[in-house]
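# Secondary and tertiary structure notes
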Amino acid sequence: PAAAVDAAMRFSSTPEEPAPAPATAAEKALAFVQNMTAADAARYATYAAGGAAVYVVSSGVLSTISGLMHLPPTTVAKYGFYGGFFVAAGGGGGGGGG
């Protein structure tokens, strides 16, 4: 009978009293955590892990680029020259062969 009463209340023309909204930030946070399901927690943890991974990868890429940009031009020219010889000598891989 309780389910029938709940269903009747939902379809009744008399409005129900809305639950009071949390007033403080702490109450809002507590209400959010109390209403969270395991699936919600897993989804939020996945978002957090993805954000952390993006941060770590991007900071690594930026530090590598910054390091390369701070090399002196003579060093870049020297290793570019050596790299050209390495590729021309066939040490750069590639196909070939019969």
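Calculation notes
- Residues numbered from 1 in each chain as written.
- Predicted model: local features only at pLDDT ≥ 70, side-chain atom pairs only at ≥ 80, totals over all residues.
- Heavy atoms only, no water.
- Helix = DSSP H or I, 4+ residues; strand = E, 2+ residues; numbered from the N terminus.
- Buried < 20%, exposed > 50% of the residue type's maximum accessible area, 1.4 Å probe, protein only.
- Areas by Shrake-Rupley, 256 points an atom, 1.4 Å probe, with all protein chains shown as cover.
- Patch = residues over 30% accessible without salt bridge, like charges linked within 9 Å, V, L, I, M, F, W, Y side chains within 5 Å.
- Salt bridge = Lys/Arg side-chain N within 4 Å of Asp/Glu carboxyl O.
- pLDDT = per-residue confidence, 0-100.
- Phe/Tyr/Trp six-rings, centres within 6.5 Å; stacked < 30°, edge-to-face > 60°.
- Lys NZ or Arg CZ within 6 Å of the ring centre and 35° of its normal.
- Polar contact = N/O pair within 3.5 Å; in protein donor to acceptor, adjacent residues only side chain to side chain.

## Re the overall build of the protein chain
- Counting its regular elements, the protein chain contains 4 helices and 0 strands.
- Start at the N end of the protein chain and walk to the C end: the helices and strands fall as α-α-α-α.
- Taken over 98 residues, the protein chain has a buried fraction of 1%.
- With the model as given, the accessible surface of the protein chain reaches about 8300 Å², and the carbon-plus-sulfur share is 70%.

## A few points about a nonpolar patch on the surface
- A contiguous nonpolar patch, built from Phe32, Val33, Tyr44 and Tyr47 and spanning about 430 Å² of accessible area, is present on the exposed surface.
- At the level of secondary structure, the elements contributing two or more residues to the nonpolar patch comprise helix H2 (25-34) and helix H3 (38-69).
- Mapping tyrosine 47 onto the fold places it in helix H3.

## Points about the confidence of the model for the protein chain
- Mean pLDDT over the protein chain works out to 82, with 72% of the residues at or above the 70 mark.
- Mean pLDDT per element in the protein chain: helix H1 (residues 2-10) is the minimum at 58, and H3 is the maximum at 95.

## Here we look at the packing of aromatic side chains
- Going through the model one piece at a time under the given rule, you end up with 4 aromatic pairs.
- Between the aromatic rings of phenylalanine 81 and phenylalanine 85, the centroid separation amounts to 5.0 Å while the plane-to-plane angle is 75°, which identifies the pairing as edge-to-face. Taken together, the residues phenylalanine 81 and phenylalanine 85, both in helix H4 (residues 73-88) and 4 residues apart, mark about one turn of the helix.
- Using a relative accessible area of 52% as the deciding quantity, one classes phenylalanine 81 as exposed.
- Against the face of tyrosine 44 rests arginine 43, its NZ or CZ located 5.4 Å from the ring centre.

## Things to note about the side chain of aspartate 40
- Position of aspartate 40 relative to the elements: it lies in helix H3.
- For aspartate 40, a relative accessible area of 19% gives the class buried.
- A distance of 2.7 Å separates the side chain of aspartate 40 from the side chain of arginine 43, its partner in a polar contact.

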